[in-house]
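Structural overview
Residues per chain, in single letters:
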Amino acid sequence: IEKRYERESSIHMRNIVAVILAALALGAAAVGMSRSDRGDIGRAADQSPGPPPSPPPPLSPPPQYAQDGSLILPEDFRNWVFVGASLGLGYSQGSAGSGPGMFHNVYLHPTAYEHFAKTGEFPEKTMLALAMYSAGRDAPPRGSGFYEGDFVTVEIALKDSERFEEGWAYYNFSAGGGELRPTAQRIPPAAGCNGCHSEHGAQDNVFLQFYPVLRRLKGMSDAS
């Protein structure tokens, strides 16, 4: 009886061990499959396309239009980012007069500047202001050269493809005598502004070649 009991106990223990080993083997296989699945998921995540690029932020404040469609003068244009200046610059052959011409200071809306600095592109609603000053030379100490004299006017270039078929529009706010009008109607495209900017602007209707701050951001070495 004792021998039979020993044999039965031995068989029982071997069965228990076999069950434990089988369970361990199944557990190891399950862990391996889980790691493999996680690896596949991770690889799939690595290969999935990233989120689409975010649209450029809207200009703040954006261009403001009056009820008749005219552009309201952005009164803070002198606080925009200064991007370039010129003296007596004319855009057509034979436009130079006998004097030095006017000083031109060009300012870019701050939000548009930030976007251009990051992407190299001008976003919708971009505005550039061209402030014009006469050339002075009589204030003491009188010497050679010229300085910016009386303020003459400001012109605004505005990119608004939703509103303008040509993409850009141009405005002159002069009221004469250095005074500005609160609103201005668009200069008709037939006047030549759109055609000249489209043909000669280094990028997107903008005379980038004349603005050293923007040339630097684009990696352009000079105005050639």
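Further up the page is the structure itself.
Residues numbered from 1 in each chain as written. Predicted model: local features only at pLDDT ≥ 70, side-chain atom pairs only at ≥ 80, totals over all residues. Heavy atoms only, no water.

Considerations on the overall build of the protein chain
For the protein chain, the count of helices and strands is 4 helices and 9 strands. For the protein chain, the α and β elements follow one another from N to C terminus as α-β-β-β-α-β-β-β-β-β-β-α-α. Relative to its full complement of 224 residues, the protein chain shows a buried share of 29%. A separation of at least 24 residues holds for 54% of the contacts in the protein chain among residues at least 6 apart in sequence. Of the roughly 14,300 Å² that the protein chain leaves accessible, carbon and sulfur atoms contribute 56%. (Helix = DSSP H or I, 4+ residues; strand = E, 2+ residues; numbered from the N terminus. Buried < 20%, exposed > 50% of the residue type's maximum accessible area, 1.4 Å probe, protein only. Contact = heavy atoms within 4.5 Å. Areas by Shrake-Rupley, 256 points an atom, 1.4 Å probe, with all protein chains shown as cover.)

Some remarks on helix 2 (residues 110-119)
Three or more residues of helix 2 are buried, namely T111, A112, Y113, H115 and F116. Those residues of helix 2 that are buried are in contact with strand 2 (81-87), strand 3 (103-108) and helix 4 (212-218). Where helix 2 terminates, the next one or two residues include G120, which has phi positive at roughly 75°.

Comments concerning the sheet that holds strand 5 (residues 147-159)
Taken together, the 5 strands give an open sheet; going across it, the order is 2-3-4-5-6, and neighbouring strands pair in antiparallel fashion. Each edge of the open sheet carries a strand with a single partner, namely strand 2 and strand 6 (168-172). Recorded for the sheet is a direction-independent mean angle of 25° between the axes of neighbouring strands. Pairing between strand 5 and strand 6: 5 bridges, direction antiparallel. Bridge pairing links L158 to A169 in strand 6. (Pairing = 2+ DSSP bridges. Axes fitted to C-alpha atoms, helices over the stretch in contact; angles between N-to-C directions.)

Describing the packing of aromatic side chains
For the coordinates displayed, the defined rule picks out 4 aromatic pairs. Ring geometry for F207 versus F210: centroids 5.5 Å apart, planes at 45°, classification tilted. By relative accessible area, F207 is classed as buried at 2%. The ring of F151 carries R78 above its face, with NZ or CZ at 4.8 Å from the centroid. A cation over an aromatic ring shows up here: R163 above the ring of Y65, its NZ or CZ 3.5 Å from the ring centre. (Phe/Tyr/Trp six-rings, centres within 6.5 Å; stacked < 30°, edge-to-face > 60°. Lys NZ or Arg CZ within 6 Å of the ring centre and 35° of its normal.)

A few points about helix 3 (residues 193-200)
Among all positions in helix 3, only N194, C196 and H197 are buried. Projection of helix 3 onto a plane perpendicular to its axis shows the buried side chains occupying an angular sector of 165°, all on one side. The exposed residues of helix 3 that point more than 90 degrees off its buried face are S198 and E199. Against the buried residues of helix 3 lie strand 6. (Arc of directions from axis to C-beta.)

Regarding unusual backbone geometry
A cis amide bond links P140 to the next residue, P141, at an omega of -5°. Positionally, P141 belongs in the loop between strand 4 (127-136) and strand 5. Its identity as a non-glycine residue notwithstanding, N205 has a phi of 65°, on the positive side. Relative to the assigned elements, N205 resides in the loop between helix 3 and helix 4.

Let's talk about the pairing of strand 5
Note that strand 4 and strand 5 share 9 bridges and pair antiparallel. The partner of L128 across the bridge, within strand 5, is A157.

Examining the pattern of salt bridges
Taken as a whole, this structure holds 4 salt bridges when the rule is applied. Residue D160 pairs with K125 through a salt bridge whose shortest N-O separation is 2.8 Å. One end of the pair, D160, is in the loop between strand 5 and strand 6; the other, K125, is in the loop between helix 2 and strand 4, and 35 residues separate them in sequence. The class of D160 is buried, set by a relative accessible area of 2%. (Salt bridge = Lys/Arg side-chain N within 4 Å of Asp/Glu carboxyl O.)

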